[in-house]
Each structure stands twice: as C-alpha cells, then as structure tokens.
Amino acid sequence: MKSIYTTSFKSPVGELILGSFDNQLCLCDWKYRKMRAPIDERIRKGLGAEFVEGESEINKETIRQLEAYFAGDLTQFDIPLLPFGTDFQKEVWKKLTEIHYGETRSYLQLSKDLGNTDAIRAVASANGANAISILIPCHRIIGSDGSLVGYAGGLEAKKKLLKLEKAETQTDKAQLKFF
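Residues numbered from 1 in each chain as written. Predicted model: local features only at pLDDT ≥ 70, side-chain atom pairs only at ≥ 80, totals over all residues. Heavy atoms only, no water.

The name given to the chain in an unreviewed UniProt entry is Methylated-DNA--protein-cysteine methyltransferase, with the source organism recorded as Algoriphagus limi. Its UniProt record, at the heading Sequence similarities (unreviewed entry), says of the chain: "Belongs to the MGMT family." In UniProt, the chain has this text filed under Subcellular location (unreviewed entry): "Cytoplasm". (UniProt positions renumbered as here; feature names shortened; annotations may be inferred.)

Written out as structure tokens, the structure is:
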C-alpha cells in the first residue's frame, strides 16, 4: 500500500496537518476542522494510500515556506501540489491560486471568474472542501458585502491571515470588514 506521509505544524493561527504523496503536497489543512474525517477519507481513497505519520522532504519544505509566510517574508509558495477532488473542485481551487497575496474575491466574483454566476453555492462548497489551506488560498474569499464568512480554520484564523497579508477587498461595493 502506498503512503501519505503526515506531520503536524503549529502555525501562529492554528495547528495544521501536512500530507505528502509522491513528492507532492496533498494536504495542508486545519487539524481540528469539522470535516477532517471525510476530507481525509476522500484523499486516502482517491490516492489509494494510507496515512502514515512521518517526515518527507515536501512536508519539511512546506513548513519552511509556511514559517517564511507567517514571518512576512514570503508572498508566493513554490510547493508541488496534488489537490484531490472532482474536476469542478480542482477548477475552483486552480482559480483560488490565481488570487494574489493581499487580494480578496467574493464567492460571486469567483463564480463569475469560472464563467457561471449560478454556480455560487457549488463554488462555496468546493472552497470549503479545499484540503490544501493557505497554499490554495481559500481564506481570500469573502462575502459580497466584505464580511468574513465560512472558513475551515475558523473566522479568527481567516481574519489573522488576511491581516497578515494586509488584504484589501476586490469587490465593487464592499469594504473588507474585520469585525
């Protein structure tokens, strides 16, 4: 049986679990999120592998880059990613990687970027299913009114990540709201 090597990382905004498979990062997610078990099962079954606690070069490099990010020294990650999900989820996650450090988008804007404003609920669901948090920056998605909405790591973590990035809203009619 193939292995997904996992390790924990205590970030300044919460504990993450990292997982690598075949020299790619397939997991960087909040250790205590509500959907932990189903997301892990999706990855495990999809890759035909078992989770094994242990070090890998990808996990070590991810920790190094996350530390630089939290220190304010890194704005773009350079880690080979292996997101596992449906084709639609992968399309949403790819669009998320196009949102630059310090920028935000609303769910509606992300739906428009994908060419389907009617897909807003599906886009929100795919955003919530992201298992490579921070590197696939789902924290940069906000409500159309600028409010902080839904985040697997909790709204306090989302707020801290956006403050770290000195994020500005990119919506037409909203001001980013940190309260």
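So that's the structure; there's more coming.
J.: Any chance you could explain the overall build of the chain here in plain terms?
T.: Within the chain, the regular secondary structure consists of six helices and six strands. Computed over C-alpha atoms, the radius of gyration of the chain comes to 16 Å, within 12% of the 16 Å expected from 2.2 N^0.38 for 179 residues, which places it in the range of a compact globule. Along the three orthogonal principal directions, the C-alpha set of the chain runs to about 50 × 35 × 25 Å. Classification of the 179 residues of the chain by burial places 49% in the buried group. Contacts in the chain between residues at least 24 apart in sequence constitute 62% of all its contacts with a sequence separation of at least 6. Summed over all atoms, the accessible surface of the chain reaches about 9,200 Å², with 49% contributed by carbon and sulfur. (Helix = DSSP H or I, 4+ residues; strand = E, 2+ residues; numbered from the N terminus. Rg over C-alpha atoms; globule rule 2.2 N^0.38 Å. Buried < 20%, exposed > 50% of the residue type's maximum accessible area, 1.4 Å probe, protein only. Contact = heavy atoms within 4.5 Å. Areas by Shrake-Rupley, 256 points an atom, 1.4 Å probe, with all protein chains shown as cover.)

J.: What is the right way to look at the side chain of Ser-11 in this model?
T.: Within the secondary structure, Ser-11 sits in strand E1 (residues 2-11). You can call Ser-11 buried: its relative accessible area is 11%. Side-chain polar atoms of Ser-11 contact the backbone oxygen of Gly-14, separated by 2.6 Å. With residues up to four places along the chain from it excluded, the contact list for Ser-11 reads Leu-16, Trp-30 and Phe-70. (Polar contact = N/O pair within 3.5 Å; in protein donor to acceptor, adjacent residues only side chain to side chain.)

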